[in-house]
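Each chain is listed here by its residues.
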Amino acid sequence: MLDVRDICKNFGGLRVSRDISMHLERGERRVVLGPNGAGKTTLFNLLAGTLKPTSGEILLDGARITNLNVEQRARLGLSRSYQKNNLFEGLTVRENLALAAATGEGKTSSFFSRAHESRSVRETVEEVAEMVGLADRLDTGVAHASYGNRRQLEVGLALATKPKLLLMDEPTSGVGPGMIDAFHRLIASLPREITIVIVEHDLDLGFDVADRISVLNYGEVVFEGTPDETKGSDVVREIYLGDWQGDA
Amino acid sequence: MVADVDFWLTQFLNGLQLSMLLFLLSIGLTIIFGLMHFVNLAHGALYMVGAYAGVSAAAALGNFWAALLIAPIAVMLVGIFLYAAIIRHMRRAGPMNQVLVTFGLIFVIVDLVRIVWGDIALGMAQPAILSGPAEFLGVVYPAYRLFIIAVGLIVMAALSLVLSRTQIGAMVRAGVENDAMAACLGINVERLFFAVFCVGCALAGLAGAIAAPVFSATPSMATDILIPTLIVVVIGGLGSLRGAIAGSLIVGFIQTFGAVVMPEFASVLVYVLLAAVLIVKPAGLLPARS
Amino acid sequence: MFHQTPLKTFTVAAVIAALALYAILGGYFPREIVIEIALLAILAVSLDFVAGYGGMVSLCHGAIYGIGAYAFAGMTAIGGYDTVTATLVALAAAAAFGLFVGAVAANITGIFFIMATLAFGQMAYVVVFESRALGGDDGLSGIARYDLSAIGIDMNDSLQFALFCLAVVVIAYAAAAYVLRSTFGRTLSGIHSNEDRMRALGLTAWRHKAVAFSFSSMLAGAAGILAAQHTQFVSPELLVWTVSGEVLIVVILGGLGTLAGPIAGAALLVLLKHKIGAYTEHWHLVIGLFLVAAVMAGGRGVYGQIEYWLRQRAGRRADA
């Protein structure tokens, strides 16, 4: 489904991503872990299209998307959420989701229709709101919504385009400890047909939702395996030393 | 052939003189812009006030040099008043509101000047010592215009020295680079901005006063000079001394030589250049921040 | 996001009705004022469409207005074409120029966008000013007005011409409001709110902005067509950037991003200009102070401020 082949990214002389390869099956949930400065954000941007790799290829369903920009990739079914909430301020939750749903349907340019109030968009909005737990918050103004709700909407916007592949950048960033489990459950309950890549530094998220985990360090993939294999890995233990010894 | 060389050398000096006036205006604008992201469209109006202040001071005192000293101080006082009354409150209001407020100020200042000095162009006598022609590299050229070039070059050199060698200069550069960081380093950014603002106003006043004997003082100079100055700032790159120098020279020479070579489209050339820079290098040719 | 609220409907209806009444009851001079207001109002609606709902603050709407006027003038006075063809060509010319400026400047933001539009507007001004075919700085005269005698309207009658201009204001407002509520307009508000996110959702934002700018330019071109017919004379002065500046002032005084406010703003500015102008030639001073005060008071504009108060009161009532 997603094929990343030997991608490298250099900033000047600095090699931030080195020969990263990964292969995802349809419906797979992959969590990319790594300590701060491991090159997670760079990898995320390379996948999303905000950065172009210095070398290497990215294929989505066999098609090269390496040189496509953000919007072109989005139209091929690659959607992303942001580490920092990136919402349509000043609008309601419903209006936010409607914008995403209509754009996802490619309905943006007609002067004579009202796609945002069409049945298909309304259905998508309600469906997505249900998925991310905002069904009873649809008419709340985004500016007045709680941080947790805003975080849920952040994921909702990415889902409302009905993506094949969802990229999530630290989805639980800033979510308080009381909400973390609910958030993990939310992600785990997303429809199985969506392939998901999550870039995250919190190991627990990986163990809760991942099918497979990739671990980055110094811009390289140093480990890949199932959550159980990850727990048993010496390489990973060394990188994250002390981080989850207590839990494991 | 000799006449040809003379002609082009004269044009070169014309271009240089225009560039220096543009520099005196744009340097204040660009540093204020770069340091505090403040867009002051009324800068051209301050230039006009400088010209009128110079004319009045010269007439009252009968001394050109005294006028050259008084005009910048007078404009600085006007600037301080504007700062206290308006600009200080608009610091965090966003560029759009700043553009609009200072746009409104242009109307106010221009009309106040028309009320005080009237609508006619007011001339100002050149000092006797500079009133005749002078010879420069074999070309006969008005001494006063050479004086304008000299003033521009002196200010340019002085600012370069201050910015690169003194502590104040280092603080300004740090503020342009990253004002939050500068504030963390214990620089009083607010006071620094005020000081820079005053210097910028004084330089605009100086430019107005030295321009008055050549172009006369008129109410239209406020808006006439504004657009070229803004173009200099945008082409050169916000907040950058080198950018202001390069931008002034480019705009000054394009306007001067354009008028000679292709008079019909001289004025469009500058706009073509501006559009090209904005499209290719939106941050300007020599931006202060990399 | 745009909603055609009752307050908007009321404001537009009230301003237009008052102006119509002023034109009907007044003589020649009030009618000239009404026409001036109408032209400025159309321009203000067109600018608010891109600035208030698309975040693109333009300083070339004056130039686009001039392009519409010149295209109409050139087609009728030089080309000898009928007014319908001339209208279509003028609208197309304005829209094409807008599409070009919008496409080229779409990725430029903030003050730099303003500078870019200024540059393109001034280029158009210089080209017209230097063009001998278009009369250079002497301008063009001998421009035809619409012949609407078939439906009983005499466009050479100052009252009927003034009322016709007011009708075009309503049409321009309705067109802008209709588009803002359409799929296109909703998407434009999305770009205004968060362009980055719209791109991440799959929108080619620059193309959308260019089309929006083009539509707005077409409305500005319509104002130009009326301006050319009004004085039956066009000069390069129509295209100067200060015209754009005046339109921007109108939008700000009325209320940026309210669509109805700018129509009230146009009436306010022109009436202030003439009322103050009757006492002193320094009406710019008053307008300038007004602008400074309006922006320092929060920048919502007259209409925007009223809307804000009403919404706050409604909010308090909902809380209580």
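What you see is a predicted model; the values in this text were computed from it and never measured.

*Asks:* Just checking my understanding: could you explain unusual backbone geometry for this structure?
*Replies:* Positive phi outside glycine occurs at Tyr218(A), with the angle close to 50 degrees. When you line up the elements, Tyr218(A) lands in the loop between strand S9 (212–217) and strand S10 (220–225). On the accessibility criterion, Tyr218(A) (65% relative accessible area) is exposed. Even without being glycine, Leu137(B) reaches a positive phi, approximately 50 degrees. Checked against the element boundaries, Leu137(B) lands in the loop between strand S1 (133–136) and strand S2 (139–142).

*Asks:* It is not clear to me how the sheet that holds strand S1 (residues 2–11) of chain A should be interpreted in this structure. Could you clarify?
*Replies:* Adjacent strands of a sheet pair through backbone hydrogen bonds, lying either parallel or antiparallel. All names here are of chain A. One open sheet holds the four strands; their spatial order is S2-S1-S4-S5, and the pairing between them is antiparallel. Among the strands making up the open sheet, the edge pair consists of strand S2 (14–24) and strand S5 (63–64). Bridge count between S1 and strand S4 (residues 55–60): five bridges; the pairing is antiparallel. Bridge pairing in S4 links Arg-5 to Glu-57. Contacts from helix H1 (residues 40–48) reach S1, S2 and S4, with the element oriented near 120 degrees to S1.

*Asks:* It is not clear to me how the interface of chain C and chain A should be interpreted in this structure. Could you clarify?
*Replies:* For an interface, size is often stated in terms of accessible area lost upon the parts coming together. Taken together, the contacts link 25 residues of chain C with 34 residues of chain A. Summing both partners gives a buried area of about 2600 Å² for chain C against chain A, and 54% of it is carried by carbon and sulfur. Interface area lost by chain C to chain A is led by Thr183(C), Arg197(C) and Leu201(C), which between them contribute 28%. Put simply, chain C and chain A have three salt bridges between them. Across the pair Glu117(A) and Arg186(C) runs a salt bridge, and its minimum N-O distance is 3.0 Å. The set of elements that each furnish at least two residues to the side of chain C that touches chain A consists of helix H6 (158–181), helix H7 (183–200) and helix H8 (205–231) of chain C. No other element matches H7(C), which puts twelve residues into the side of chain C that touches chain A. Within the side of chain C that touches chain A, the residues separate by chemical class into ten nonpolar, ten polar and five charged.

*Asks:* Got a minute to help me understand the nonpolar core in this structure?
*Replies:* Taken as a class, soluble globular proteins show a tendency for nonpolar side chains to be buried jointly. Residues Phe23(B), Met48(B) and Ile210(B) are the most contacted members of the largest nonpolar core, which totals 225 residues. In terms of residue count, helix H2 (residues 28–54) of chain C provides more of this core than any other element does, 17 residues in total. Here Phe23(B) is in contact with Gly152(B), Val155(B), Met156(B), Leu159(B), Leu241(B), Ala244(B), Ile245(B) and Ser248(B), once residues within four sequence places are set aside. Leu153(A), Val175(A), Phe207(A) and Ile191(C) belong to the second-largest nonpolar core, a separate cluster that totals 52 residues.

*Asks:* It is not clear to me how the confidence of the model for chain A should be interpreted in this structure. Could you clarify?
*Replies:* Low-confidence regions, as indicated by low pLDDT, have predicted coordinates that should not be scrutinised in detail. All names here are of chain A. On average, chain A scores 91 in pLDDT, and the residues at 70 or more come to 97%. Element-level mean pLDDT values for chain A span from 85 in helix H9 (residues 234–239) up to 97 in helix H3 (residues 93–104). Below a pLDDT of 50 lies the segment residues 244–248, which in the model reaches eight contacts outside its immediate sequence neighbourhood of four places, other chains included.

Rules behind the numbers
- Residues numbered from 1 in each chain as written.
- Chains lettered and ligands numbered in written order.
- Predicted model: local features only at pLDDT ≥ 70, side-chain atom pairs only at ≥ 80, totals over all residues.
- Heavy atoms only, no water.
- Helix = DSSP H or I, 4+ residues; strand = E, 2+ residues; numbered from the N terminus.
- Buried < 20%, exposed > 50% of the residue type's maximum accessible area, 1.4 Å probe, protein only.
- Pairing = 2+ DSSP bridges.
- Contact = heavy atoms within 4.5 Å.
- Axes fitted to C-alpha atoms, helices over the stretch in contact; angles between N-to-C directions.
- Buried area = accessible area lost by both parts, 1.4 Å probe.
- Salt bridge = Lys/Arg side-chain N within 4 Å of Asp/Glu carboxyl O.
- Nonpolar A, V, L, I, M, F, W, Y, C, P; charged D, E, K, R; others polar.
- Core = buried A, V, L, I, M, F, W, Y, C linked by side-chain atoms within 4.5 Å.
- pLDDT = per-residue confidence, 0-100.

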